[in-house]
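Reading the structure
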Amino acid sequence: MDQWLTIEVFDGEHSASLWRLSRGDALTEAALTNGAEQWVWHEHRWGVVLEIEFATGEQRDAFRTLPVVTAALDAVPDPARGLLVYPGRGGGAGSRMPRTPRPLPMAGAGAVPVPVESVRMGLAEPLPPMFSEVG
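This report concerns the structure included in the present document. (Residues numbered from 1 in each chain as written. Predicted model: local features only at pLDDT ≥ 70, side-chain atom pairs only at ≥ 80, totals over all residues. Heavy atoms only, no water.)

All of the buried residues along helix α3 (residues 67–74) are Val69, Ala72 and Leu73. The buried side chains of α3 occupy one side of the element, clustering within an arc of 95° when seen end-on. Exposed and oriented more than 90 degrees from the buried face of α3 are Pro67 and Asp74. Lining the buried residues of α3 we find β1 (3–10), α1 (16–33), α2 (57–64) and β4 (83–87). (Buried < 20%, exposed > 50% of the residue type's maximum accessible area, 1.4 Å probe, protein only. Helix = DSSP H or I, 4+ residues; strand = E, 2+ residues; numbered from the N terminus. Arc of directions from axis to C-beta. Contact = heavy atoms within 4.5 Å.)

Below you can see the structure in the form of C-alpha cells.
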C-alpha cells in the first residue's frame, strides 16, 4: 500500500519559496535514494507543500529521520509555527467538493426586536346589585 508523507512550510522571516529553492533539491534527492516512488511540490500564497509517496511505511519513516531531512526542516522560515509534517496527503491534495461560502457577519447587525404586546388598562366594572348586597 502506498504511504505518503506531507511537509507543509509556511512563510516566515523569508518566503517558503526561497526555502524550497535552497533545500528542495536535497529533499527530493534524499527521497529518491530512499525509495520514493513519486513526489509533487505545491506552491500556495502562504507557503509550499511537498508530498512524497513511498511503497512502505518503513521507507517513509526512514526518510523522515535522515540528517538531510532534519537539517532542511530545521531551516524553515518560521521554525516556531511554520512547519507541519504528517503522514498522508494533505495541503496540496485539494478538496473533492468546494466549500460553500458562509454568510458574512455584518458590522451593523443587531438582534431582532421583540414584538411589543399592547396592554389595555381600565377601571373594573361595578358588580351587579344582587351580588353586592348580602342579606
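Take the sheet that holds strand β2 (residues 36–43) next. One open sheet accounts for four strands, arranged β2-β3-β1-β4; its pairing is antiparallel. Taken across any chain shown, the strands that pair with only one partner, and hence form the sheet edges, are β2 and β4. The average angle at which neighbouring strand axes cross in this sheet is 10°, direction not considered. Along the sheet face, α1 touches β1, β2 and β3 (47–54) and points at about 175° away from the line of β2. Each of β1, β3 and β4 is contacted by α2, which is oriented at about 30° to β1, the strand it contacts most. (Pairing = 2+ DSSP bridges. Axes fitted to C-alpha atoms, helices over the stretch in contact; angles between N-to-C directions.)

In this fold, threonine 6 is placed in strand β1. A distance of 2.4 Å separates the side chain of threonine 6 from the backbone oxygen of glycine 88, its partner in a polar contact. (Polar contact = N/O pair within 3.5 Å; in protein donor to acceptor, adjacent residues only side chain to side chain.)

Looking along a regular strand, one sees side chains alternate from face to face of the sheet. Here β2 runs beside β3; their pairing, made up of seven bridges, is antiparallel. Directly across from tryptophan 41, in β3, lies its bridge partner leucine 50. Between β2 and β3, which pair antiparallel and follow one another directly, the connecting turn spans three residues.

What follows covers the nonpolar core. Counting 19 residues, the largest nonpolar core has Val9, Trp19, Leu27, Ile52 and Phe63 as the members making the most contacts within it. Those elements that provide at least two residues to this core are β1, α1, β2, β3 and α3. Sort the elements by how many residues they give to this core and α1 lands first, with five residues. Beyond its immediate sequence surroundings of up to four residues, valine 9 is in contact with Ala16, Trp19, Trp46, Gly47, Val48, Val76, Pro77, Gly82 and Leu83. (Core = buried A, V, L, I, M, F, W, Y, C linked by side-chain atoms within 4.5 Å.)

Another aspect to go through is the packing of aromatic side chains. With the rule as written, the count across this model stands at three aromatic pairs. Measuring from ring centre to ring centre gives 5.0 Å for phenylalanine 10 and tryptophan 46, while their planes differ by 40°; the resulting arrangement is tilted. Taken together, the positions of phenylalanine 10 in strand β1 and tryptophan 46 in the loop between β2 and β3 put the pair 36 residues apart, joining distant regions of the chain. By relative accessible area, which is 22% here, phenylalanine 10 ends up partly exposed. Overall, the relative accessible area of 28% leaves tryptophan 46 in the partly exposed class. Taken together, a centroid distance of 5.4 Å and an interplanar angle of 40° make the contact between phenylalanine 54 and phenylalanine 63 tilted. The residues phenylalanine 54 and phenylalanine 63 share a single accessibility class, namely buried. (Phe/Tyr/Trp six-rings, centres within 6.5 Å; stacked < 30°, edge-to-face > 60°.)

Attention now moves to the pattern of salt bridges. Counted by the stated rule, this structure contains three salt bridges. A salt bridge links glutamate 43 to arginine 20, with the nearest nitrogen and oxygen atoms 2.8 Å apart. Of the two residues, glutamate 43 sits in strand β2 while arginine 20 sits in helix α1, which places them 23 residues apart along the sequence. Assessed through its relative accessible area of 44%, glutamate 43 is described here as partly exposed. We classify arginine 20 as partly exposed; its relative accessible area is 27%. For the salt bridge of aspartate 61 with arginine 60, the shortest nitrogen-to-oxygen distance reads 3.3 Å. (Salt bridge = Lys/Arg side-chain N within 4 Å of Asp/Glu carboxyl O.)

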